[in-house]
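Tertiary structure, described
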Number of protein chains: 2
Amino acid sequence: MKRGHQITMKEIAKKLGVSVSTISRALKDSPELHPETKRKIVEMAKEMNYQPNLLAQSLRISRSKTLGVIVPEITSHFFASCISGIQDYANKRGYNVMICQSNESIDQEKANIRTLVSSQVDGLLISLSRETNKFDHLYELYNREINFVLFDRVHEEIPVSKVTFNDVGGAYQVTHHLLEGNNRRIVYVSGPEDLYISKKRKEGYLKALAEYGIENDPLLIKISDLTLEDNVRVAREITEMDPRPDAVFCMIDPVAVDVLTEWKSMGIKIPEDMALAGFTNNPTSAVIEPPLTTVAQPGYEMGKLAVTHLLDQLDGLASEDPISIVLETTLVPRKSSQHFQVK
Amino acid sequence: MKRGHQITMKEIAKKLGVSVSTISRALKDSPELHPETKRKIVEMAKEMNYQPNLLAQSLRISRSKTLGVIVPEITSHFFASCISGIQDYANKRGYNVMICQSNESIDQEKANIRTLVSSQVDGLLISLSRETNKFDHLYELYNREINFVLFDRVHEEIPVSKVTFNDVGGAYQVTHHLLEGNNRRIVYVSGPEDLYISKKRKEGYLKALAEYGIENDPLLIKISDLTLEDNVRVAREITEMDPRPDAVFCMIDPVAVDVLTEWKSMGIKIPEDMALAGFTNNPTSAVIEPPLTTVAQPGYEMGKLAVTHLLDQLDGLASEDPISIVLETTLVPRKSSQHFQVK
DNA sequence: TTGTAATCTGCAATCGTCTGCACTGGTACA
DNA sequence: TGTACCAGTGCAGACGATTGCAGATTACAA
């Protein structure tokens, strides 16, 4: 097996007949050194293509300049955007990033935290898995005084910094939009009920209904486990409701896409027969036919803000007191909820 | 600033009044130790929630059990899938993964390699940026005997292992499919010409044409720089060609999506007026209207194979001689290329 | 010639973990 | 009583980079 051998200071030192400390000082441009010695060393280091061993440096200063990121899944466009933002802004500040996916499993999430902590990351950025309904592992991090920031899928109670979207506001916006389109019987398709976003978006949905004097009808709230099969089940159930609802607001775009696809195959016309809206603004939603009304969440921005705040804390630029950053969402009205005068 | 303090062996040693070496041996379950001592130590370690410092371990054994991954962009669904595969299979074998994106810039790519190497990754998985047309940085890795595997966007000449798709075959499949649909004037929309996949897919396109006795007409090959604007330009130019082509094969799905969107806005019917096909099978392509004929590339599988081979090399399970793994693609015929008897 | 400061360089310890070797104390046998 | 052996434990050095302090060299002044 090939073993890439890295040049070390020791080797430069031997070649030049000086001590390792001198090499170290020369490369840090220390003023104590004779300029000529320094020049020679720097030259030789370049020639030998010396690259410092970050592991050794990290061990010595007890800081790895590495952050850990845990997301439910990388292949989701939204999380990929977050990662992209995190990555870019971490690099800008000289930090590397180790990324893990929990695959929506709490056990995997815990395992990820363990390895990242063992790897001596300086801080963590975590978006919780769907399964995560116990939070001991987070409190353990907290008690061990390991810096971390929660984003998007957060646990509200724990006193650490969080970056979230105004989910209530976004759901309000989209429900309000549907109401303005003269829809009155509006179904909310929720994910598992203990999910943070399920709760928040329901809140916004109910708030908009309340403003229109519509009282909460529990029959209009459907719960899907977010699998394709269950989304299809819900889609069918909705068509069988009597009277049939005017509109459907799905907690996330993928659910709306499944519903839309199922309805299309059943010959139901959107938005003529029923209006439809989602949440997230996945790339898919723009090109599907009809284009899906949704709520845009800037993932890149979220990643950027989360990592910047974490680094500010690490570098002592931000107060240690946890803060909560709430990003606003934007309604993206498209054809799937278009209002027709004659219904 | 909070500073998470990790328990070290030294602290356990002090608490138990034994030496650090004894702790180390106990935790490695060394047979030299008295079972009772061992038991006590293991117990105490658990109680104090000891976690080994991977940095120190890595430094000592000169292996970090970490791999570096460089992709052009994380937000692309295809690369996200690759990463997901890499991640899963690396973890299964006890490796962590550091991910970087080059953002299609060769300078960023070089910088990423530098940091990852400095971070002492045991190996690298690289997919080249669009800009990469010089390969010195790869040869440098090669000369320094640092293990790496290229995937998808590879440089053919360098003698390292590569994992690619049968791009020629895939392009042949899709062109053949278009030809079978009675299309004869088929445009190939290529990306920048020095891109690996541009060349390969063109090869497959020409091969299929040749089989049908159609000679290569350079006017039917359009080149886009893959930006939205340029894709739109190409889309328009195609409609102005005289005689108008029967079908268009775009090198990658996003180009086809842009073309399709532009044509729709121009009132051109697909596939009635012109047939259209892409390559990659992005999620978007399935839901766009009309659904886009394309070629499926299993990204997760590619990531899995690439990382497995790299780890096999690292662990001495695979020969050091570079190999080339070629994954087959699958034609996904959809409505955008549907054949109509009466044209 | 000696003293002293200024300049330059090396030693040694440190970070946390691992391991070859040496040491201790006990038992068994000659 | 001496020797040999064993289990059980600790010491010290290594991985690579950094840094306070001490030591060495030089130059210059007294």
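Computed from a predicted structure; not experimentally measured.

What counts, and where the lines are drawn
- Residues numbered from 1 in each chain as written.
- Chains lettered and ligands numbered in written order.
- Predicted model: local features only at pLDDT ≥ 70, side-chain atom pairs only at ≥ 80, totals over all residues.
- Near = placed C-beta within 6 Å.
- Helix = DSSP H or I, 4+ residues; strand = E, 2+ residues; numbered from the N terminus.
- UniProt positions renumbered as here; feature names shortened; annotations may be inferred.
- Expected span 1.5 Å × (residues − 1).
- Buried ≥ 20, exposed ≤ 12 C-beta atoms within 10 Å, placed from the backbone.
- Pairing = 2+ DSSP bridges.
- Right-handed = clockwise from strand over helix to strand, strands pointing away.
- Contact = placed C-beta atoms within 7 Å.
- Nonpolar A, V, L, I, M, F, W, Y, C, P; charged D, E, K, R; others polar.
- Domains from an automatic or database assignment.
- Least-squares fit on C-alpha atoms with pLDDT ≥ 70 in both.
- Axes fitted to C-alpha atoms, helices over the stretch in contact; angles between N-to-C directions.
- Core = buried A, V, L, I, M, F, W, Y, C linked by C-beta atoms within 7 Å.

Around DNA strand D there are 26 residues in total, and Ser-21 and Ala-56 of chain A together with Ser-21, Thr-22 and His-34 of chain B lie nearest to it. Sort the elements by how many residues they give to the surface near DNA strand D and helix H2 (residues 20-27) of chain A lands first, with five residues.

On the UniProt side, "domain: HTH cro/C1-type" (unreviewed entry) is annotated at positions that read residues 5-25 of chain A here. The straight-line gap between the two end C-alpha atoms of residues 5-25 of chain A is 23 Å; of that span, 67% is helix and 0% is strand.

Let's shift gears to helix H5 (residues 77-92) of chain A. All names here are of chain A. Compared with the 22 Å implied by 1.5 Å per residue over 16 residues, the 23 Å span of H5 between its first and last C-alpha is a close match. Along H5, the residues that are buried comprise His-77, Phe-78, Phe-79, Ala-80, Cys-82, Ile-83, Gly-85, Ile-86, Gln-87, Tyr-89 and Ala-90. With its phi angle positive at about 80°, Gly-94 sits one or two positions after the end of H5.

We now examine the pairing of strand S1 (residues 66-71) of chain A. All names here are of chain A. Where burial is concerned, most of S1 is hidden: six out of the six residues are buried. Here S1 shows two buried faces, one formed by Thr-66, Gly-68 and Ile-70 and the other by Leu-67, Val-69 and Val-71. Across six bridges, S1 lies against strand S2 (residues 96-101) in parallel orientation. The residue bridging Thr-66 from the neighbouring strand is Asn-96, located in S2. Traced from S1 through H5 to S2, the parallel crossover comes out right-handed.

Moving on: helix H6 (residues 106-118) of chain B. All names here are of chain B. The end-to-end C-alpha distance of H6, which contains 13 residues, comes to 18 Å, matching closely the 18 Å that a straight helix rising 1.5 Å per residue would cover. Its buried side turned inward, H6 meets strand S1 (66-71), strand S2 (96-101), strand S3 (123-126) and helix H7 (136-143). A positive backbone phi angle near 65° is found at Gln-120, which sits one or two residues after H6.

This paragraph deals with the interface of chain B and chain A. Contacts between chain B and chain A engage 46 residues on the former and 46 residues on the latter. Counting only elements with at least two residues in the side of chain B that touches chain A, the list comes to helix H4 (54-61), helix H5 (77-92), S2, H6, helix H12 (283-287) and helix H13 (299-314) of chain B. Per element, the largest residue contribution to the side of chain B that touches chain A is six residues, and it comes from H5 of chain B. When grouped by side-chain class, the residues that make up the side of chain B that touches chain A number 19 nonpolar, 21 polar and six charged.

Bringing the protein's contact with DNA strand C into the picture now. Lining the immediate environment of DNA strand C, one finds 25 residues, of which Ser-19 and Ser-21 of chain A together with Met-9, Ser-21 and Asn-53 of chain B sit closest. For the surface near DNA strand C, the elements supplying multiple residues, two or more each, are H2 and helix H4 (54-61) of chain A together with helix H2 (20-27) and H4 of chain B. Element by element, the count of residues in the surface near DNA strand C is highest for H2 of chain B, at five residues. For the surface near DNA strand C, a count of residues per class yields nine nonpolar, eleven polar and five charged.

Summarizing the sequence annotation, UniProt attributes the feature "domain: HTH lacI-type" (unreviewed entry) to residues 7-61 of chain A in the numbering used throughout. Helix makes up 67% of residues 7-61 of chain A and strand 0%, with an end-to-end C-alpha separation of 21 Å.

Another point: the domain arrangement of chain A. Looking at the assigned domains, one finds that chain A contains domain 1 (9-52), domain 2 (64-165 + 299-327) and domain 3 (167-297 + 331-337). Computed over C-alpha atoms, the centres of domain 1 of chain A and domain 3 of chain A are 65 Å apart.

When chain B is fitted to chain A, the best match, at an RMSD of 0.1 Å, comes from turning it 180° and sliding it 0.0 Å along the axis. The transformation just described matches what one would write down for a two-fold rotation axis. Looking at chain B, 100% of its interface residues are interface residues in chain A too, so the copies touch through the same face.

Residue and element names in this part refer to chain A. One open sheet accounts for four strands, arranged S7-S6-S8-S9; its pairing is parallel. Either end of the sheet is taken by a strand with one partner, and the two such strands are strand S7 (221-223) and strand S9 (275-277). Between one strand and the next, the sheet's axes are offset by a mean angle of 20°, whatever the strand orientation. In terms of strand pairing, strand S6 (residues 186-190) meets strand S8 (residues 247-250) through four bridges, oriented parallel. Its bridge partner being in S8, Tyr-188 is matched across the sheet by Phe-249. In the packing of helix H8 (residues 167-180) onto the sheet, contacts are made with S6, S8 and S9, and the angle to S8 comes to roughly 170°.

Attention now goes to the nonpolar core. The nonpolar side chains of a soluble globular protein tend to be buried, and buried together. With 86 residues, the main nonpolar core has Val-69 and Leu-125 of chain A together with Val-69 and Leu-125 of chain B as its most contacted residues. In contact with Leu-125 of chain A, not counting residues within four places along its chain, are Leu-67, Val-69, Ile-86, Phe-148, Val-149, Phe-151, Ala-306, Val-307 and Leu-310 of chain A.

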